[in-house]
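Understanding the architecture of this molecule
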Amino acid sequence: MAWWLPIFSLVLSLLAADHAVSSGKIPSYVSPCKRDSDDLNQCIANVWEALRPKMGEGIPKLKIPPLEPFLLPETNIDRRSDSLDVKATLTQLAIMGVNNVVFSKLNVNLTDLKGSVSLAFADLNVTTLYVMDAMLMKIIPMKGQGKFNGTIKDVKVNMTGKAELSPKNERGRSYLKLVEIKFKGFIGDATGRLVDTTQNPENSIFAETANMFYDNNRREVLDVLTPFIEEFCESLFLGVANQILSTLPFEEMFIETAPKNPPPPPPL
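In this text the structure is predicted, and so the values were computed from the model without any measurement.

The next point concerns the overall build of the protein chain. For the protein chain, the count of helices and strands is 5 helices and 6 strands. Scanning the protein chain from its N terminus toward the C terminus, one meets helices and strands in the order α-α-β-β-β-β-β-β-α-α-α. A buried classification covers 44% of the 268 residues belonging to the protein chain. Carbon and sulfur atoms provide 55% of the accessible area of the protein chain, an area that totals close to 14,700 Å².

If you want it as structure tokens, here you go:
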């Protein structure tokens, strides 16, 4: 139930980095990118690398929270499908390893407002408290409350998106809005344990049964969870990204190069 968490935290960290670059509060150690630059994609990659040393402990000036660990006080899950039926609340979520994200194949096209990027993690350590009522693959009940501790390995995500640009307002500013986002993810491996803390023997049996089933069917379970992970992250990313984009004028996010002065007219 927790394998979507590293991707979720990665999305938030990238949104925070994008907000830092485009909010007009760019620190001295970051070089801004120009809208018509031939190296726009490389410039964006350079911005991330410039921010990376600061991201672990957070950048209060840019309102970026610490990423090592990444902390989330509470999140709720309510999803149903043929292979997974889950309703859960996660609290005190902590993820280590977020700041080690590697991204590649970055491609931003400001003409048709489309973009894509590939993301990769090595190891992510996840801990959380949970209250859960779920059914996995229609045969494994997972019910109760307790603690989860796990390690997710070799996480890869391909993201594509499309935006639209609003008409300029009375101040001459326009705003981007994401209208489509797609995730395609793969988790190489994951290990972890559900530990029930209700002191209810039945719930303890459910937790141990779920642990044993996962240990014996690891790849199959991860494959079942992947579409759920992708759907969850698409919805999450779209909502959070559009909240940020609604406050950031396009003209400040992507700076135009100042026009060169025309040559003086020839003497009469």
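Our focus in this paragraph is helix H3 (residues 201-216). In this model H3 runs 23 Å from its N-terminal to its C-terminal C-alpha over 16 residues, within 8% of the 22 Å that 1.5 Å per residue would give. Taken as a whole, H3 has its buried residues at Asn203, Phe206, Ala207, Ala210, Asn211, Phe213 and Tyr214. Projected down its long axis, H3 shows its buried positions confined to an angular sector of 165 degrees, all on one face. Facing away from the buried side of H3 by more than 90 degrees, the exposed set consists of Pro201, Ile205, Met212 and Asn216. Where H3 begins, the side chain of asparagine 200 points an oxygen toward the backbone nitrogen of glutamate 202, at a separation of 2.9 Å.

Attention now moves to the confidence of the model for the protein chain. Residues at a pLDDT of 70 or more form 79% of the protein chain, whose mean pLDDT is 77. The least confident element of the protein chain, judged by mean pLDDT, is helix H1 (residues 5-22) at 38; the most confident is strand E6 (residues 176-196) at 89. Low pLDDT, under 50, characterises residues 1-26; the predicted model gives this stretch 85 contacts beyond four residues in sequence or across chains.

What follows covers the nonpolar core. The biggest cluster of nonpolar side chains holds 63 residues, and the ones touching the most others in it are Val86, Met132, Leu136, Met142, Met159 and Leu194. Taken together, the elements giving at least two residues each to this core come down to helix H2 (40-55), strand E1 (70-80), strand E2 (84-96), strand E4 (114-136), strand E5 (140-165), E6, H3 and helix H4 (218-245). At 11 residues, the largest contribution of residues to this core is made by H4.

Of note in this structure, lysine 105 is not a glycine but carries a positive phi near 55 degrees. On the basis of relative accessibility, which here comes to 68%, the residue lysine 105 falls in the exposed class. Phi angles above zero are rare outside glycine, and leucine 113 is one such case at about 55 degrees. The residue leucine 113 is located in the loop between strand E3 (102-109) and E4 in this model.

So, about the side chain of asparagine 203. Among the secondary structure elements, asparagine 203 is positioned in helix H3. Asparagine 203 gets classed as buried once you look at its relative accessible area, which sits at 11%. When residues no more than four places from it in sequence are discounted, the contact partners of asparagine 203 are Lys143, Gly144, Asp196 and Thr198.

The subject of this paragraph is the pairing of E5. Relative to E5, E4 is paired through 22 bridges, and the arrangement is antiparallel. Bridge pairing in E5 places leucine 119 opposite valine 157. Count of turn residues in the E4/E5 antiparallel hairpin: 3 residues, of which methionine 137 carries a positive phi of about 55 degrees. Relative to E6, E5 is paired through 19 bridges, and the arrangement is antiparallel. Of the residues in E6, the one forming a bridge with glycine 146 is aspartate 196.

Now for the side chain of glutamate 230. Mapped onto the secondary structure, glutamate 230 falls in helix H4. In this structure glutamate 230 touches Phe183, Lys184 and Gly185, once residues within four positions along its chain are discounted.

It is worth spelling out the pattern of salt bridges at this point. On inspection of all chains with the given rule, the structure shows 8 salt bridges. Note that arginine 80 and aspartate 78 form a salt bridge whose closest N and O atoms lie 2.7 Å from each other. When its relative accessible area of 59% is taken as the criterion, arginine 80 is described as exposed. Within this structure, Asp78, Arg80 and Asp85 form a network of salt bridges that share partners.

Bringing the environment of leucine 245 into the picture now. Tracing the chain through its elements places leucine 245 in helix H4. What makes leucine 245 buried here is its relative accessible area of 9%. Residues leucine 245 and leucine 178, spaced 67 residues apart in sequence, show a C-alpha to C-alpha distance of 8.4 Å.

On to the pairing of E2, then. Regular strands place side chains that alternate from one sheet face to the opposite one. For E1 and E2, the ladder comprises 10 bridges, and the chain directions are antiparallel. Considered in E2, the bridge of leucine 71 is made with alanine 94. Across 11 bridges, E2 lies against E4 in antiparallel orientation. Residue pairing across strands places alanine 94 opposite threonine 127, the latter belonging to E4.

Conventions used here
- Residues numbered from 1 in each chain as written.
- Predicted model: local features only at pLDDT ≥ 70, side-chain atom pairs only at ≥ 80, totals over all residues.
- Heavy atoms only, no water.
- Helix = DSSP H or I, 4+ residues; strand = E, 2+ residues; numbered from the N terminus.
- Buried < 20%, exposed > 50% of the residue type's maximum accessible area, 1.4 Å probe, protein only.
- Areas by Shrake-Rupley, 256 points an atom, 1.4 Å probe, with all protein chains shown as cover.
- Expected span 1.5 Å × (residues − 1).
- Arc of directions from axis to C-beta.
- Polar contact = N/O pair within 3.5 Å; in protein donor to acceptor, adjacent residues only side chain to side chain.
- pLDDT = per-residue confidence, 0-100.
- Contact = heavy atoms within 4.5 Å.
- Core = buried A, V, L, I, M, F, W, Y, C linked by side-chain atoms within 4.5 Å.
- Pairing = 2+ DSSP bridges.
- Salt bridge = Lys/Arg side-chain N within 4 Å of Asp/Glu carboxyl O.

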